[in-house]
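The lines below spell out each chain.
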Amino acid sequence: MTPARDLLSACATALLDDRRQLTLAELSDLAALPADQVPALANLAHEVRLAWCGPEVEIEGILSAKTGGCPEDCHFCSQSARFDSPVKATPFLDIDELLRAADETKALGASEFCIVLAVRGPDLRVMDQLLRAVPAVREATGLNVAVSAGILTTGQARALAGAGVHRYNHNLETARSFFDQVVTTHTWDERFETCQLIRREGMELCCGVLLGMGESTEQRIELLGQLRDVEPAEVPLNFLNPRPGTPFEDRPLVEPLEAIRWIALFRLALPSVILRLAGGREVTLRELQAIGMTAGINALIVGNYLTTLGRTAEEDLQMLADLQMPVGVLSKVL
């Protein structure tokens, strides 16, 4: 066999027969495979997903309950108050608006509804709103409720867990060695500590990444190791969709085949996680979204994102039907 086929065969044996995680060195070797081996890499990732996670795909709707006006300077984000972007600050949505959005999410067959706020962390008023909203959505719809509200204290994490938050989203975004090129108003360590806190308080950790900000291949491999350290239940995989007015507005899109390579590598590195294809997939993968789904993905955000439009939910549901991917409920806790 060729060296590339030898490597793929050895990694298949490790993951499918020996049921062991690949080393970071093995992942680095896979990242260096030539482009003509990406389809084979994606095929292996699909096999690993089926073997470790099963055939079901979880779909989720997200809602920006408080948009814009964020004091942080995440260079990719149009919701920062520090940048001259078209996104303006809005107040926290009322519970009736949240319930309407949750009902629409449930009607699509989703099992998870995520309430997202553009804040550094929740203040007393935001906490009060969340502690009322989460039980209301759960009781009215039966959906699992996730929250994304920034950096938490121990007391806040405990209160959210007590209110019934199923998953808390807190993204590492990028490798520790690259983080100060992306954010300067808080540290990577603060994010890492919040991730650990979420798990200690009994919530599932949803910890996402954003590829295409200028990080190196080595830093992406570093990030994979750091994700393993926080042991997330779910990893949303986002690709940069450059936003007007942000420092990263001129960054190029990740090429479609390269995006598929990294979807596959994230599955091979994290064989048991819920790996969710999320923001930027439409502009990055373009006509290859179905191939992206068969490169190790087992979860999908449907509908619109926080400040950008996605495909219609009907298009995504048809894609899943065409791929014979059944929609189900995935959880590491329930």
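Here's a quick rundown of the structure. (Residues numbered from 1 in each chain as written. Predicted model: local features only at pLDDT ≥ 70, side-chain atom pairs only at ≥ 80, totals over all residues. Heavy atoms only, no water.)

Moving on, we get to the overall build of the protein chain. Scanning the protein chain for helices and strands turns up twelve helices and nine strands. The principal-axis extents of the C-alpha atoms in the protein chain amount to approximately 60 × 40 × 35 Å. In the protein chain, which comprises 334 residues, the proportion classed as buried is 57%. In the protein chain, once contacts between residues fewer than 6 apart in sequence are set aside, the share between residues at least 24 apart is 76%. (Helix = DSSP H or I, 4+ residues; strand = E, 2+ residues; numbered from the N terminus. Buried < 20%, exposed > 50% of the residue type's maximum accessible area, 1.4 Å probe, protein only. Contact = heavy atoms within 4.5 Å.)

Enumeration over the complete set of coordinates arrives at 19 salt bridges. Here R20 and E26 are joined by a salt bridge, their closest N and O atoms 2.8 Å apart. Residue classification places R20 among the partly exposed residues on the basis of a relative accessible area of 33%. Overall, E26 belongs to the buried group, its relative accessible area being 19%. Across the pair R199 and E231 runs a salt bridge whose closest N-O atoms are separated by 3.7 Å. Here R199 is found in helix α7 (residues 188-200), whereas its partner E231 is found in the loop between α8 (217-230) and β7 (234-239), with 32 residues between them in sequence. Among the residues examined, E231 registers a relative accessible area of 49% and is labelled partly exposed. (Salt bridge = Lys/Arg side-chain N within 4 Å of Asp/Glu carboxyl O.)

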